Amino acid sequence: MINGRYDVIIVGSGPGGGTVALELATTGKSILLIERGGYLRRERDNWDPKAVFVDGKYQAKETWYGPDGEAFHPGLHYVVGGNSKVYGGALFRLRAEDFGELRHADGVSPAWPLGYEVFEPYYTRAEHLFRVRGLRGADPTEPWASAPYAHSPVPHEPRIQELCDGLRRIGHHPFPQPLAILLEEDELGPAPHSACIRCDAYDGFPCMTNGKADAQIICVDPALVHPNVTLLTHAYVERLETDASGRTVTGVHVTRKGEQEVYRADIVVVACGALSSSLLMFRSASEAHPNGLANGSDQVGRNYMRHNNSAFMAVSKTPNATVFQKTMALNDFYLGCDDWDFPLGGIQTLGKSHGEQVRAEALPALLNWFPETPFEELARHSLDFWLMTEDLPNPDNRITLQADGRVVLDMKPSGDEAHRRLKRKLEGLLDAIDAHPHLIERSLYLGKGIPIGGTAHQAGTMRFGTDPATSVLDLDCKAHQLDNLYVADASFFPSIGAVNPTLTIIANALRIADHLKARLGG
């Protein structure tokens with residue numbers, strides 16, 4: 001039974017799929033956007049730290065397994081807008097150096113087959129599309145740009161401004177984080193009509209006021225204004241069917257409301273996220289593609305990267321009255337430092353700690369330091385930081401689908417020494433400006449102490465390149481082995497750098513959309 005035919009089918013409504021849908025909406029071509037979940041409900045629990053971080057209310061409930069058989073719940077969100085519904089909105093460009101070969105202590109980060117100059121105009125378009133607020137030139141590692149940010153940076157609150165001033169006094173270069181945020185301010189703060197109200201539930205929370213510039217708000221909903229775009233929700237794509245030659249996707253098999261449906265299109269774009277897109281390829285194995293669709297190179301699912309990440313709470317003697325804390329970043333150690341010849345990575349401020357988070361993550365040592373201090377009081381005195389070090393591609397870091405249907409994720413992060421050094425750099429900076437007595441590691445961002453479950457920055461499982469023997473996608477992100485299958489999420493990354501990957505996903509989706517417009521026009 002055929003349930004519909006379209007010019008283009010897009011699987012996944014996150015930053016990649018949503019951007020492609022929006023860009024193709026004006027072509028007049030019939031477009032079907034398929035999403036595994038539904039709209040994330042706007043409710044009080046959106047801003048409840050216990051519901052979001054401790055209970056994982058909005059996280060996928062499925063179970064995956066590590067290589068040792070240990071079960072975990074991946075940090076995935078099946079909703080319209082994808083993981084961007086709970087992202088922190090930090091939209092950084094990869095550094096120009098990230099597109100070339102970059103030597104690390106653990107090995108070499110490979111060069112991309114296309115340089116920064118190819119992506120630059122799309123970065124600019126992506127920043128404007130997602131309403132990024134930032135300050136060009138404030139970060140000394142920032143690559144060249146053809147245009148300024150369209151919107152001024154989100155101002156620091158007094159405690160974070162004090163932190164920035166202190167870092168500058170000792171010779172460092174803190175800068176405003178580039179944030180995707182729907183904020184309009186006047187002299188008193190957020191304007192009465194501003195979607196964002198600068199609350200303390202931005203970073204990692206769904207936004208109850210739709211003030212976060214996520215893929216649903218920026219891409220999907222505007223695309224649906226066009227009558228040629230259709231959104232199918234609560235629709236799980238079981239597999240992609242091909243013709244006998246294996247060169248053309250001829251059917252998208254969907255389970256929806258317990259029923260089996262089949263949709264067809266001239267072009268299929270997969271944008272489920274690097275891990276889920278690979279699983280779809282494995283589920284689509286056939287006689288023509290026995291190891292999984294588009295997997296003649298045996299590279300599907302391999303080279304998984306996600307950054308070496310950690311969150312730290314610096315408990316200061318000085319109370320921190322900051323509400324919207326995620327406004328500062330520091331990349332002075334991104335490419336190296338005076339006592340280390342290799343890249344370390346970046347430092348960012350996080351959303352403010354909440355008492356429930358501190359309670360859930362408290363270590364015995366923490367209780368020994370502050371035995372009489374309530375968790376809420378610890379949070380009130382905290383400065384919160386996110387440290388990010390590059391994770392190198394490794395073919396043995398991979399996701400696989402077992403014969404019994406179990407999903408296995410094998411992940412051995414790289415960059416441990418660089419990450420430890422980056423933490424020591426942060427400690428040294430805070431000591432130098434007398435900002436804290438104790439730096440305490442947090443774990444909820446990495447999946448309640450199960451590091452392999454932290455999948456927020458997933459990338460690299462279907463890298464692009466010119467050689468079909470060593471890559472899955474060509475330079476247009478079309479599968480080498482198929483004529484009408486494209487991938488528009490972070491699967492294509494040959495390396496991940498040490499900045500949040502979402503802006504690069506959006507920029508590449510714009511690049512793919514331009515290619516598809518030309519193809520559809522022909």
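Note that this is a predicted model, so its numbers are computed, not measured.

### A closer look at the overall build of the chain
Each helix and strand counted, the chain has eleven helices and 23 strands in total. Rg of the C-alpha trace for the chain: 22 Å, near the compact-globule value of 24 Å for 522 residues, within the 12% margin. Along the longest, intermediate and shortest principal axes, the C-alpha atoms of the chain span 70 × 50 × 45 Å. Taken across its 522 residues, the chain has 61% of its residues classed as buried. A separation threshold of at least 6 residues defines the contact pool for the chain, and within that pool the share at least 24 residues apart is 73%. Here the chain has roughly 19600 Å² of accessible surface; of this, 51% comes from carbon and sulfur atoms. Each charge class in the chain was averaged separately, 50 positive and 65 negative side chains, and the resulting centres sit 3 Å apart.

### Structural notes on the side chain of Arg95
Examined against the element boundaries, Arg95 turns out to sit in the loop between β4 (71-72) and β5 (102-104). Here the side chain of Arg95 touches Arg93 through a polar contact of 2.7 Å, landing on its backbone oxygen. Once residues within four sequence positions are removed from consideration, Arg95 is found in contact with Asp139, Thr141, Glu142, Pro143, Asn331, Tyr334 and Val499.

### Quick notes on the pairing of strand β13 (residues 235-242)
Sheet topology note: the β13/strand β14 (residues 249-256) ladder contains seven bridges and is antiparallel. The partner of Ala235 across the bridge, within β14, is Arg256. Hairpin connection of β13 to β14: six residues between the antiparallel strands, including Gly246 at a positive phi of 80°.

### Brief notes about helix α6 (residues 274-283)
For α6, a buried count of nine out of ten residues is recorded, marking the element as mostly surrounded by other parts of the structure. Those residues of α6 that sit buried are Ala274, Leu275, Ser276, Ser277, Ser278, Leu279, Leu280, Met281 and Phe282.

### Some points on the pattern of salt bridges
Under the defined criterion, the tally for this structure stands at 30 salt bridges. Across the pair Arg302 and Asp298 runs a salt bridge whose closest N-O atoms are separated by 3.1 Å. Given a relative accessible area of 35%, Asp298 falls into the partly exposed group. With a shortest N-O distance of 3.1 Å, Asp410 and Lys412 are connected by a salt bridge. When its relative accessible area of 54% is taken as the criterion, Lys412 is described as exposed. Linked by salt bridges that have partners in common, Arg93, Glu120, Glu127, Arg136 and Glu142 make up one network.

### Concerning helix α5 (residues 215-223)
The buried count for α5 comes to seven of nine residues, which makes it a mostly enclosed element. Taken together, the buried positions of α5 are Ala215, Gln216, Ile217, Ile218, Cys219, Val220 and Ala223. The elements touched by buried residues of α5 are α1 (15-25), β2 (31-34), α3 (116-129) and β12 (229-232).

### Topic: the confidence of the model for the chain
Predicted confidence across the chain gives a mean pLDDT of 91, with 91% of residues reaching 70 or more. Counted against residues more than four places away or in other chains, residues 444-450, with its pLDDT under 50, gives 21 contacts.

### Structural notes on the packing of α1 against α5
It is the contact of α1 with α5, at a shortest axis distance of 8 Å, that shows an interaxial angle of 35°. Regarding α1 and α5, the two cross each other, and that crossing is left-handed. Contacts between α1 and α5 involve Pro15, Gly18, Thr19, Ala21, Leu22 and Ala25 from the former and Ala215, Ile218, Cys219, Val220, Pro222 and Ala223 from the latter.

### Section: the nonpolar core
Grouped together as the largest cluster of nonpolar side chains are 111 residues, with contacts concentrated most on Leu240 and Leu485. If one sorts the elements of this core by residue count, helix α11 (residues 502-521) sits on top with ten residues. By size, the runner-up hydrophobic cluster in this structure holds 22 residues, among which are Leu167, Phe312, Ala314 and Cys337.

### Side note on the pairing of strand β20 (residues 398-401)
By the bridge criterion, four bridges tie β20 to strand β21 (residues 407-410) in an arrangement that is antiparallel. Bridge pairing in β21 links Arg398 to Asp410. Counting the residues between successive antiparallel strands, the hairpin from β20 to β21 contains five residues, one of them, Gly405, with a positive phi of roughly 90°.

### Details of the packing of aromatic side chains
Counted under the stated rule, the structure contains 17 aromatic pairs. Each ring, one from Phe464 and one from Phe492, has its centre 5.0 Å from the other, and the planes form 85°; the classification is edge-to-face. One end of the pair, Phe464, is in the loop between β22 (438-442) and β23 (485-487); the other, Phe492, is in the loop between β23 and α11, and 28 residues separate them in sequence. You can call Phe492 buried: its relative accessible area is 0%. Over the aromatic face of Tyr202 sits the side chain of Lys212, whose NZ or CZ is 5.2 Å from the ring centroid. Against the face of Tyr65 rests Arg406, its NZ or CZ located 4.0 Å from the ring centre.

### Focus on the environment of Glu376
Looking at where Glu376 falls in the secondary structure, it is placed in helix α9 (residues 375-380). The exposure class of Glu376 is partly exposed, given its relative accessible area of 45%. Residues Glu376 and Ser353, spaced 23 residues apart in sequence, show a C-alpha to C-alpha distance of 8.9 Å.

### Quick notes on the packing of α1 against α11
Here α1 crosses α11 at 35°, and the two axes come no closer than 8 Å. Regarding α1 and α11, the two cross each other, and that crossing is right-handed. The segment α1 lies against α11, with Pro15, Gly16, Thr19, Val20, Glu23 and Leu24 engaging Thr502, Ile505, Ile506, Ala509, Leu510, Ala513, Leu516, Lys517 and Leu520. A breakdown of the residues in the contact of α1 with α11 according to their chemical character gives ten nonpolar, three polar and two charged.

### Digging into the environment of Ser491
Tracing the chain through its elements places Ser491 in the loop between β23 and α11. As for Ser491 and Asp186, which are separated by 305 residues in sequence, their C-alpha atoms are 41 Å apart. For Ser491, the residues in contact, after removing those within four places along its chain, are Gly273, Ala274, Ser277, Gly460, Thr461, Met462 and Arg463.

### Brief notes about the environment of Val132
Considering the arrangement of structural elements, one finds Val132 in strand β7 (residues 132-133). Distance from Val132 to Ala223, taken between C-alpha atoms, is 20 Å for residues 91 residues apart in sequence. When near neighbours in sequence (up to four residues on either side) are disregarded, Val132 contacts Leu91, Glu127, Tyr149, His151, Pro178, Leu179 and Ala180.

The rules we used
Residues numbered from 1 in each chain as written. Predicted model: local features only at pLDDT ≥ 70, side-chain atom pairs only at ≥ 80, totals over all residues. Heavy atoms only, no water. Helix = DSSP H or I, 4+ residues; strand = E, 2+ residues; numbered from the N terminus. Rg over C-alpha atoms; globule rule 2.2 N^0.38 Å. Buried < 20%, exposed > 50% of the residue type's maximum accessible area, 1.4 Å probe, protein only. Contact = heavy atoms within 4.5 Å. Areas by Shrake-Rupley, 256 points an atom, 1.4 Å probe, with all protein chains shown as cover. Lys, Arg positive; Asp, Glu negative; His and termini not counted. Charge placed at Lys NZ, Arg CZ, Asp CG, Glu CD. Polar contact = N/O pair within 3.5 Å; in protein donor to acceptor, adjacent residues only side chain to side chain. Pairing = 2+ DSSP bridges. Salt bridge = Lys/Arg side-chain N within 4 Å of Asp/Glu carboxyl O. pLDDT = per-residue confidence, 0-100. Axes fitted to C-alpha atoms, helices over the stretch in contact; angles between N-to-C directions. Left-handed = near helix turned anticlockwise from the far one by under 90°. Core = buried A, V, L, I, M, F, W, Y, C linked by side-chain atoms within 4.5 Å. Phe/Tyr/Trp six-rings, centres within 6.5 Å; stacked < 30°, edge-to-face > 60°. Lys NZ or Arg CZ within 6 Å of the ring centre and 35° of its normal. Nonpolar A, V, L, I, M, F, W, Y, C, P; charged D, E, K, R; others polar.

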